[in-house]
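Breakdown of the fold
So you can see what is in the structure, the chains are spelled out below.
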Amino acid sequence: MSGDVETVPIRTAAFGSDYISVTDIFTVGIGPSSSHTVGPMRAAKRFIEELPQNVYCATTRIKVELFGSLSLTGKGHRTDVAVVLGLLGWSPEAVDPKSVEALLAQVRNTGLLTAASRSCVAFDVDRDLIFSSDFHPRHPNAMTLTAYTGETVRLSRTFFSVGGGRIVEACDGAPPAVERPHDQVAVRYPFTSAADLLAFGCSSGLSIAEMMWENETSLRAPSETMQFLDEVHGAMMECIARGCEAVGVLPGRLKVPRRARGLRDRLLQVADSPDELHALDWVCVYALAVNEENAAGGRVVTAPTNGAAGVIPAVLKYYETFGRNPTLQGSRDLLLTAAAIGALYKRRASISAAEMGCQGEVGVACSMAAAGLTAALGGTNAQIENAAEIGMEHNLGLTCDPIGGLVQIPCIERNTMGALKAINASRLAMFGDGSHIVSLDAVIETMRQTGEDMRSKYKETSLGGLAVNVVEC
C-alpha cells in the first residue's frame, strides 16, 4: 500500500440530486491548506465530539495516523498542528491564528489534551501522531484516529479529506459515508452540469447568479444568504489588506520572503504615471497578499481551496478597482456565479490536489473566477460558461509539487498566474458571443481523467517535479 500507488477516487457528490451550496464552496478558515489543515482539524474535532462521555473518561491515549499525501507533505502543510487543534476542540472558523503556537506548546509541554472542559487525555505529539508512508486504497488524504484504554481500542474512525476542507468518513469497512447536507432539499434549478445551467437559463430567462440565488432561498432566508456573501467578501478584502501590510519571512525552512507589500509600495510610487499593465501588476499584489497570509497560517477564505485562495479575491478586487462601473451587486454576482461553477467541479470531478494535481485547485479557482468576472461585467450565460471553460482548458495537467511540502513555491506565484489567466479568459469570452467548440462539461471530464491518469508523485506528495529538482538552500 506504499509507494507510487494510485488510489480509487471518492466522487464526493457524483451526479446525485444533492445540491452544493455557496456555503459549501466558500468557508473561512486558517492556512496553509484546506485539505491538509482545515480538513484534518475538522476530522479531529469530530472524533473528539463522537467520543461518548464514559468512553472519553476512560480514554488513556489517543493515536492519530496520517496516510498518503497527508503524511508526505503533512509537516509542511501543518497537518500536525491542525490535528492537535482539532483534538482540543477547535474548528478552523473559530481558532485565532495568533493563539495557535501557544496551544500547540501547551500540549507538547504537558503531553495532555483537554477538550471542551473534559478530563485530560495523554497525547505525545511525537509518539501518537504518526506519519505513515502507506497510501489508503480509497483516498490519498486519509487519517485514522483511535482512542485507547490501556491497550484496548475504545473507538476508531477513518476520515478522508477530499478537498476544500470537506471530510467524509468510512465506518466499519463500509464505503465512505458521503456528506450531502442538502440532499433532501428541493431547489428550483437542480443543475448537475453546465448544460443544465444553460438550459435552465434559457427556459427561465435568469442569469447563473440569479438561478444560484433562487436555489439558496430554498436553504435559508434571503437576508442570511446576503449576509454570508458580504461576510465572504469582507473576509477576502481583509485578507488582502493584511497581506499588503505584512513583512518578513514566511515560516518553514525555505525562508521565502513576503513580497506583496514591497510590490504594492513600488506601484504606489509610480501611481501618477502607470504603464499599460498597471492593473495586472495590482492583481499580482492582491493574489500574493492572500497566499502569503495563507502560507503564514493566517485566516483566509477557502475559495474553493486554501492553496488557491488568492485567485478569486484578486479577481474580485480587480473588478472593484479597475472594472467599469463596479457595483456591490456585481461583486455578489461574481461570488454566486463562481460558486455555481465550483459546484460543478466538486460534483463531476474533485477539487483535491491529492486527486487531481493543482489543476483541481488553481485550475478550478481560475475557471470559477473567470466565470464570476464575466458575470459581474454583464456577460451572458453562454459567455460565462465559455470563460469558465477557457480558464480550465489552459490549466489542464497542472501538477502539484510543492517544494519542501510547503504551500509556498510554486503555490504563491501560481495564484497570480491563475488570477491573470482568469481575467484573460473572461476578456476572450466577452469578445465572442458565447459560441465555442469545447464545452465546460467536456473540460471538467477531461480534468477528471487527467487527474486520474496523473502519477501520484505529481499530486501533492512532493515526490516529483519541482519538489525534487530544486535544491533547498
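Residues numbered from 1 in each chain as written. Predicted model: local features only at pLDDT ≥ 70, side-chain atom pairs only at ≥ 80, totals over all residues. Heavy atoms only, no water.

So, the nonpolar core
Phe 26, Met 236, Ile 312, Leu 335 and Tyr 345 are the most contacted members of the largest nonpolar core, which has 94 residues in total. The element best represented in this core is helix H16 (residues 362-376), accounting for eleven residues. Ignoring any residue separated from it by four or fewer positions in sequence, one finds Leu 335 in contact with Phe 26, Leu 229, Val 232, His 233, Met 236, Ile 312 and Leu 316. Of all hydrophobic cores here, the second largest spans 36 residues; its members include Leu 88, Val 100, Val 121 and Phe 159. (Core = buried A, V, L, I, M, F, W, Y, C linked by side-chain atoms within 4.5 Å. Buried < 20%, exposed > 50% of the residue type's maximum accessible area, 1.4 Å probe, protein only. Helix = DSSP H or I, 4+ residues; strand = E, 2+ residues; numbered from the N terminus. Contact = heavy atoms within 4.5 Å.)

Thoughts on unusual backbone geometry
Cis rather than trans, the peptide bond between Ala 303 and Pro 304 has omega equal to -5 degrees. Here Pro 304 is to be found in the loop between strand E9 (299-302) and helix H13 (311-322). The backbone phi angle of Arg 78 is positive, close to 60 degrees, even though this residue is not glycine. Here Arg 78 is to be found in the loop between helix H4 (68-72) and helix H5 (79-87).

Digging into the environment of Lys 255
Within the secondary structure layout, Lys 255 lies in the loop between helix H10 (222-245) and helix H11 (260-269). Counting along the chain gives 196 residues from Lys 255 to Gly 451, while the straight-line C-alpha distance between them is 31 Å. With sequence-adjacent residues up to four places away left out, Lys 255 is seen in contact with Val 249 and Leu 250.

As for the confidence of the model for the chain
Scored by pLDDT, the chain comes out at a mean of 92, with 92% of its residues at no less than 70. Residue range residues 1-16 is modelled with pLDDT below 50. Its contacts to residues more than four positions away, or to other chains, number 55 contacts. Every residue in residues 174-178 scores below 50 in pLDDT, and together they form 13 contacts with partners more than four places removed in sequence or on other chains. (pLDDT = per-residue confidence, 0-100.)

Notes on the pairing of strand E2 (residues 61-67)
Of all seven residues in E2, five are buried; the element is thus mostly enclosed. Across seven bridges, the pairing between E2 and strand E6 (residues 141-149) is antiparallel. Note on E6: the bridge partner recorded for Val 64 is Leu 145. Pairing geometry for E2 and strand E5 (residues 129-131), over three bridges, is parallel. Paired with Leu 66 across the strands is Phe 131, a residue of E5. (Pairing = 2+ DSSP bridges.)

With respect to helix H6 (residues 100-110)
Those residues of H6 not exposed but buried are Val 100, Leu 103, Leu 104 and Val 107. The buried side chains of H6 occupy one side of the element, clustering within an arc of 95 degrees when seen end-on. H6 presents Ala 102, Gln 106 and Asn 109 as exposed residues on the side facing more than 90 degrees away from its buried surface. On its buried face, H6 is in contact with H5, strand E3 (112-113) and helix H7 (125-128). At the C-terminal side of H6, Gly 111 shows a positive phi close to 70 degrees. (Arc of directions from axis to C-beta.)

A short note on helix H9 (residues 208-216)
Residues three or four positions apart in an α-helix share a direction because the helix packs 3.6 residues into each turn. For H9, every residue scored as buried is listed here: Ile 208, Ala 209, Met 211, Met 212, Asn 215 and Glu 216. End-on view of H9: buried residues confined to an arc of 165 degrees, all on one side of the axis. Its buried side turned inward, H9 meets helix H1 (22-25), helix H8 (194-204), H10, helix H14 (328-348) and helix H17 (381-393).

Some thoughts on the packing of aromatic side chains
Here the distance between the centres and the angle between the planes together describe a pair of aromatic rings. The final tally for this structure, using the stated rule, is three aromatic pairs. Look at Tyr 189 and Phe 200: their rings are 5.6 Å apart centre to centre, the planes differ by 70 degrees, and that puts the pair in the edge-to-face class. In this pair, Tyr 189 sits in the loop between strand E8 (166-170) and H8 while Phe 200 sits in helix H8, placing the two residues eleven residues apart along the sequence. Classification of Tyr 189 as buried rests on a relative accessible area of 7%. Stacked on the ring of Tyr 148, the Lys or Arg Arg 61 has its end atom at 5.6 Å from the ring centre. The ring of Phe 131 has Lys 75 lying over it, and the distance from NZ or CZ to the ring centre is 5.1 Å. (Phe/Tyr/Trp six-rings, centres within 6.5 Å; stacked < 30°, edge-to-face > 60°. Lys NZ or Arg CZ within 6 Å of the ring centre and 35° of its normal.)

Comments concerning the side chain of Ser 132
Mapped onto the elements, Ser 132 comes out in the loop between E5 and E6. Look past the residues within four positions of Ser 132 in its chain and what remains in contact with it is Leu 66, Phe 67, Gly 68 and Ser 71.

Quick word on the pattern of salt bridges
Under the definition given, this model contains 21 salt bridges. Across the pair Arg 259 and Glu 413 runs a salt bridge whose closest N-O atoms are separated by 3.0 Å. Residue Arg 259 is found in the loop between H10 and H11, and its partner Glu 413 is found in helix H18 (residues 411-431); the two are separated by 154 residues along the sequence. Its relative accessible area of 39% is what places Arg 259 among the partly exposed residues. Between Asp 265 and Arg 264 there is a salt bridge, with its nearest N and O atoms 2.8 Å apart. What makes Arg 264 buried here is its relative accessible area of 14%. One network of salt bridges, in which partners are shared, links Arg 46, Glu 50, Arg 157 and Glu 169. (Salt bridge = Lys/Arg side-chain N within 4 Å of Asp/Glu carboxyl O.)

Regarding the packing of H14 against helix H19 (residues 440-453)
Closest axis-to-axis distance for the H14/H19 pair is 10 Å, and the angle between their directions is 45 degrees. Viewed along their axes, H14 and H19 adopt a mutual orientation that is oblique. Like other packed secondary-structure pairs, H14 and H19 cross with a definite hand, here right-handed. Contact with H14, carried on its side by Ile 341, Leu 344, Tyr 345 and Arg 348, involves Leu 440, Asp 441, Ile 444, Met 447 and Arg 448 of H19 and no other residues of that element. When grouped by side-chain class, the residues that make up the contact of H14 with H19 number six nonpolar, no polar and three charged. (Axes fitted to C-alpha atoms, helices over the stretch in contact; angles between N-to-C directions. Parallel < 35°, antiparallel > 145°, perpendicular 65-115°, else oblique. Left-handed = near helix turned anticlockwise from the far one by under 90°. Nonpolar A, V, L, I, M, F, W, Y, C, P; charged D, E, K, R; others polar.)

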